[in-house]
Amino acid sequence: QVQLVESGGGLLQPGGSLRLSCAASGSIVSIGGMGWYRQAPGKERELVAAIASGGSTNYADSVKGRTFISRDNAKNTVYLQMNSLKSEDTAIYYCNADCLVLGRGYLEVWGQGTLVTVSS
């Protein structure tokens, strides 16, 4: 079994910063790409940021310049740092990972989500 657990969500002020963490655990041999997605009520899920196993990154246009994704392969953990928060950043944030599982091949795994609310 494979599990992703996000942490770091909560109530944040406009102009502030957040730092989300997502740790993968289970029968994982290695992890390929990892990423963060978000979904606001009534809106489509969208990619926020992604990072490949080698470290290359990709960001949504709406968060470029104020967002940084990183990973610690030894800890099977991916992080999301977002600054200059806006009310439109309010959403449930989901972690995603492409995990190589022994005996099962690659599995795309999702976390349970963590709610980020940006409001004064």
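Above this note sits the structure.
This is a predicted model, so every value here is computed, not measured.

Cut-off values and rules
Residues numbered from 1 in each chain as written. Predicted model: local features only at pLDDT ≥ 70, side-chain atom pairs only at ≥ 80, totals over all residues. Heavy atoms only, no water. Helix = DSSP H or I, 4+ residues; strand = E, 2+ residues; numbered from the N terminus. Rg over C-alpha atoms; globule rule 2.2 N^0.38 Å. Buried < 20%, exposed > 50% of the residue type's maximum accessible area, 1.4 Å probe, protein only. Pairing = 2+ DSSP bridges. Axes fitted to C-alpha atoms, helices over the stretch in contact; angles between N-to-C directions. Salt bridge = Lys/Arg side-chain N within 4 Å of Asp/Glu carboxyl O.

Caption draft 1: Geometry of the overall build of the protein. Helix and strand counts for the protein stand at 0 helices and 11 strands. Starting at the N terminus and ending at the C terminus, the protein contains elements arranged as β-β-β-β-β-β-β-β-β-β-β. Over its C-alpha atoms the protein spans a radius of gyration of 14 Å, differing by no more than 12% from the 14 Å that the globule rule assigns to 120 residues. Each principal axis of the C-alpha distribution contributes one length, and for the protein these read about 50 × 25 × 25 Å. When burial is assessed residue by residue, the protein has 40% of its 120 residues classed as buried.

Caption draft 2: Structural context of the sheet that holds strand E8 (residues 77-82). If you trace the 4 strands from one edge of the open sheet to the other, you get E1-E3-E8-E7, paired in antiparallel fashion. Edge strands, defined here as strands with exactly one partner in the open sheet, are strand E1 (2-7) and strand E7 (67-72). Geometrically, the sheet is characterised by an average inter-axis angle of 15° between neighbouring strands, direction not taken into account. Where strand E3 (residues 18-26) meets E8, 6 bridges bridge the pair, whose relative direction is antiparallel. Paired with Ala23 across the bridge in E8 is Thr77.

Caption draft 3: Structural view of the pattern of salt bridges. All chains considered together, the criterion is met by 4 salt bridges. Notably, a salt bridge pairs Asp89 with Arg38, separated by 2.9 Å at the nearest N-O pair. One end of the pair, Asp89, is in the loop between E8 and strand E9 (91-101); the other, Arg38, is in strand E4 (residues 28-39), with 51 residues separating them in the sequence. Neither residue differs from the other here; Asp89 and Arg38 are each classed as buried. The closest approach of N and O atoms between Asp89 and Arg66, which form a salt bridge, is 2.9 Å. In this pair, Asp89 is assigned in the loop between E8 and E9 and Arg66 in the loop between strand E6 (57-59) and E7, connecting sequence segments 23 residues apart. Among the residues examined, Asp89 registers a relative accessible area of 1% and is labelled buried. Connected through shared salt-bridge partners, Arg38, Glu46, Arg66 and Asp89 make up one network.

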